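Chains, contacts and geometry: an overview
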Amino acid sequence: MFLLWNAAILGTTDASVAAFDPVEALRSSGGAVAFVVSSFSLIAIITSMFGFVYGLSDFLKDLKQRMGSFSEEPLAKGKQLQPFLATLVPPTALALLAPDIFFNALDSAGAYGISVLFGIIPAAMVWKFRYSKEPKFSNPVRQLVPGGKSVLAATGGSAVALILSEMYQTLSPLVG
């Protein structure tokens, strides 16, 4: 499916344009394609928002119950609204005050968050599992990725190098 999506995008757009936005190119093509792409984009955002709002508000409700702010009984009608407001009001206010902050957050999440999540943390977990003195599982686990400490150090080190490179690119214009 991924390959078909890439083929559809790359096959219906002009790649010679320097600033190439495939979604915008599909939207500007008009007709049913534009409607389907716009509808898909809107549905993706709405369903993502539903999951986020429900998950975070449920977490806030559980957190307040654990801290003793709410009893274990079902919440009264007015108190059910509090977690939803705490979930929705701060990001809405931030989006109204600084509309471009979302793109900056995406840049930071991509540069730092993904490098930590898929580079540093897995290497550290495997390192701890393989080389710690603590007792392991009673059944031996087959090693799925070959290599020893050097491969793990290279994996974590390349993620750290990416983070440092991004920090340098971000901070060097500010320093001068």
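The structure presented is a predicted model; accordingly, all values stated were derived computationally and were not measured.

**Considering the pattern of salt bridges**
This structure, assessed with the given rule, holds one salt bridge. Between Lys61 and Asp58 there is a salt bridge; the shortest N-O distance is 3.8 Å. Note that Lys61 and Asp58 are positioned in helix α3 (residues 31–66) at a spacing of three residues, about one turn of the helix. Look at Lys61 and you get partly exposed, because its relative accessible area is 28%. Looking at Asp58, the relative accessible area reads 27%, which means it is partly exposed.

**What about the packing of aromatic side chains?**
In this structure the tally under the stated criterion is two aromatic pairs. A centroid spacing of 5.8 Å and a plane angle of 70° characterise the contact between Phe102 and Phe103, whose relative ring orientation is edge-to-face. Here the two residues Phe102 and Phe103 agree in accessibility, since each one is exposed. The ring centre of Tyr131 lies 4.9 Å from the NZ or CZ of Lys149, which sits over that ring.

**Details of helix α6 (residues 149–175)**
The terminal C-alpha atoms of α6 lie 37 Å apart, and with 27 residues this matches the ideal 39 Å at 1.5 Å per residue to within 8%. In α6, a bend of some 25° at Gln169 exceeds every other bend along the element, and Pro173, a proline, comes one to four places later.

**Quick word on the layout of surface pockets**
Any space left empty among the atoms is revealed by the rolling of a water-sized probe across them. Considering only enclosed or pocket space, the largest pocket measures out at about 650 Å³ in volume. Taken together, 17 residues line the largest pocket, and the ones lying closest to its centre are Ile45, Met49, Pro91, Ala95 and Phe102. The set of elements that each furnish at least two residues to the lining of the largest pocket consists of α3, α4 (77–97) and α5 (101–131). Top element by residues in the lining of the largest pocket is α4. It accounts for six residues. Looking at the lining of the largest pocket, its residues break down into 14 nonpolar, three polar and no charged.

**Things to note about the confidence of the model for the protein chain**
For the protein chain, per-residue confidence averages 81 on the pLDDT scale, and residues scoring 70 or more make up 82% of the total. The lowest-confidence element of the protein chain is helix α1 (residues 2–11), averaging 72 in pLDDT; the highest-confidence one is α6, averaging 89.

**Here's the deal with the packing of α5 against α6**
The N-to-C vectors of α5 and α6 enclose an angle of 155°; their axes lie 9 Å apart at closest approach. Here α5 is positioned roughly antiparallel relative to α6, judged by the angle of their axes. Judged by the sense of rotation from one axis to the other, the crossing of α5 with α6 is left-handed. Of the residues in α6, those in contact with Ala111, Tyr112, Ser115, Val116, Gly119, Ile120, Ala123, Val126, Trp127, Arg130 and Tyr131 of α5 are Lys149, Leu152, Ala153, Thr155, Gly156, Ala159, Val160, Leu162, Ile163, Glu166, Met167 and Thr170. Residue classes in the contact of α5 with α6 are distributed as 15 nonpolar, five polar and three charged.

The rules behind these values
Residues numbered from 1 in each chain as written. Predicted model: local features only at pLDDT ≥ 70, side-chain atom pairs only at ≥ 80, totals over all residues. Heavy atoms only, no water. Salt bridge = Lys/Arg side-chain N within 4 Å of Asp/Glu carboxyl O. Helix = DSSP H or I, 4+ residues; strand = E, 2+ residues; numbered from the N terminus. Buried < 20%, exposed > 50% of the residue type's maximum accessible area, 1.4 Å probe, protein only. Phe/Tyr/Trp six-rings, centres within 6.5 Å; stacked < 30°, edge-to-face > 60°. Lys NZ or Arg CZ within 6 Å of the ring centre and 35° of its normal. Expected span 1.5 Å × (residues − 1). Bend = angle between axes of the 7 residues up to and from the residue. 1 Å grid on protein atoms, 1.4 Å probe; cavity = no way out; pocket = protein on both sides within 12 Å on 5 of 7 lines; lining within 4 Å. Points joined across faces, edges and corners; volume = space filled by probe spheres on them. Nonpolar A, V, L, I, M, F, W, Y, C, P; charged D, E, K, R; others polar. pLDDT = per-residue confidence, 0-100. Axes fitted to C-alpha atoms, helices over the stretch in contact; angles between N-to-C directions. Parallel < 35°, antiparallel > 145°, perpendicular 65-115°, else oblique. Left-handed = near helix turned anticlockwise from the far one by under 90°. Contact = heavy atoms within 4.5 Å.

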